[in-house]
Amino acid sequence: MESSRYPAYYKYVILVVCSVFLAMVYVTLSTWGVCSPIFQEKFQLSSALAMAGSATLMAGYAIGSFLEGRMMASIGWRKTFLFAMVMFLVPIFLIPQMTNYTLILVLRFMQGFGLVVTITNSMVCGWFPANQRGLASGILLGFIALGSAVGSMLPGVITPKFGWQANFYILGAAVVVGTVLFLLLVKDPPALDEGGDGAEEKVIVKLKPGRSVYSHPIMIMLGFAMFCVFFNVYGMYSFLSTYLYDMGYATAQVGSIGFWNGLIGLISTPFGGWIGDALIKRGMPTIRARAYSMGVVAFLIGAIGCILMPSMAPVSLTMAVIPAMLAGWGCPAANGPICSLPSDVFGAKIGGGAVGFILLVAGAGGVIAPIAVPAIASAFGWNVGWYVPGAAALIGLG
């Protein structure tokens, strides 16, 4: 897939720019971890209300991803991107000044709405052919893990020198600069460029006139698969630290286990996409190749990690790191295959924006799991608590 106006290597420029920018956005989300305890004390919030900030962000992310996909089809990706960045950046600069927690939650919803996963994934999938698309999408989505890891460290540097509010202003300013560079460097994908070769891209399924892509069985199954990913990942993240403290680990040990649990996703996410690409190059049908990489490379390993955690973690630090890394590797590896398959099946012009529907369905898992999984673990014990996200992975495997 090659545009007549840009050299073949430009797809790698697109991949780097989109990946770094998405990482910057997720670095900026670290600001909530700094201010959440302050707001909890300032507004005398219960734990449930304090967690509402994360839930509203996830709700905004789910709804925003879907609407951004629709907007891209009607007004184009540039206008959609600008709208999304306004929704993301306004809260960054306003939240530190807020004196009303309800308004803060509204701003958190707006911030989630502005996460540009659908847009950046659409750009990347549009620039890469099917036999490279899974890896490219996996690299892009893997940078979310990198951004989260970097973001967990920066407040420790910024806050002591400049105060907690400075995290918002410094990181927000960096994203403003990144937004300008993004608009300058990112070009229309060949699949969206009617004058380029991408207009002739082959598709597996050609939709009948008037039929919505969202009602196609493949999209419904992908949405459910991503729901399982979100339920597993956010359910696991919601109580991992609490569980490890209860097992007697010190703060530094909990941080180390959590670091490897999260960072391994930076490797597994592109790996899951690459496996699908490799199978396609060897002649396996595209849908089967993506399904294999989702099931074996992602869901199966994630389920094993969650099931092993309660029996291995109490033994020693090393024994805790092993299942934590397996669980952290697992479901994130499904992101690349899931988010590239709509472009494989329907073509990047339709499939790129259709990823927003997948994230809309998945967002429900991201909202429900952080509430439900800790509650189940509290009521029935840690073993059951781990088996629940493990079960989500097994359902995704099925």
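Remember, it's a predicted structure, so these values are computed and weren't measured experimentally.

(A) Focus on the overall build of the protein chain. Across its full length, the protein chain holds 16 helices and zero strands. For 398 residues, the compact-globule estimate of 2.2 N^0.38 gives 21 Å, and the C-alpha radius of gyration of the protein chain, at 20 Å, lies within 12% of that figure. In the protein chain, which comprises 398 residues, the share counted as buried stands at 54%. A separation of at least 24 residues holds for 82% of the contacts in the protein chain among residues at least 6 apart in sequence. A total accessible area of about 16,200 Å² is found for the protein chain, and carbon and sulfur atoms account for 70% of it. Averaging the positions of the 19 positive and the 12 negative side-chain charges in the protein chain gives two centres separated by 2 Å.

(B) Focus on helix H6 (residues 117-127). Within H6, eleven of the eleven residues are buried, leaving the element largely enclosed by the surrounding structure. Of all the residues in H6, the buried ones are Val 117, Thr 118, Ile 119, Thr 120, Asn 121, Ser 122, Met 123, Val 124, Cys 125, Gly 126 and Trp 127.

(C) A look at the packing of helix H12 (residues 286-312) against helix H16 (residues 382-397). In the contact formed by H12 and H16, the axes pass within 8 Å of each other and the chain directions differ by 165°. The angle between H12 and H16 falls in the class roughly antiparallel. The crossing of H12 and H16 is left-handed. Contacts between H12 and H16 involve Gly 295, Phe 299, Leu 300, Gly 302, Ala 303, Cys 306, Ile 307, Met 309 and Pro 310 from the former and Asn 383, Trp 386, Tyr 387, Pro 389, Gly 390, Ala 393, Leu 394, Gly 396 and Leu 397 from the latter. Residue composition of the contact of H12 with H16, grouped by class: 13 nonpolar, five polar and no charged.

(D) How the structure looks around the environment of Thr 80. Note that Thr 80 resides in helix H4 (residues 77-94). Thr 80 sits 213 residues away from Ser 293 along the chain, and the two C-alpha atoms are 31 Å apart. Dropping the residues within four chain positions of it, Thr 80 is found in contact with Glu 68, Met 71, Met 72, Ile 75 and Ile 119.

Parameters and conventions
Residues numbered from 1 in each chain as written. Predicted model: local features only at pLDDT ≥ 70, side-chain atom pairs only at ≥ 80, totals over all residues. Heavy atoms only, no water. Helix = DSSP H or I, 4+ residues; strand = E, 2+ residues; numbered from the N terminus. Rg over C-alpha atoms; globule rule 2.2 N^0.38 Å. Buried < 20%, exposed > 50% of the residue type's maximum accessible area, 1.4 Å probe, protein only. Contact = heavy atoms within 4.5 Å. Areas by Shrake-Rupley, 256 points an atom, 1.4 Å probe, with all protein chains shown as cover. Lys, Arg positive; Asp, Glu negative; His and termini not counted. Charge placed at Lys NZ, Arg CZ, Asp CG, Glu CD. Axes fitted to C-alpha atoms, helices over the stretch in contact; angles between N-to-C directions. Parallel < 35°, antiparallel > 145°, perpendicular 65-115°, else oblique. Left-handed = near helix turned anticlockwise from the far one by under 90°. Nonpolar A, V, L, I, M, F, W, Y, C, P; charged D, E, K, R; others polar.

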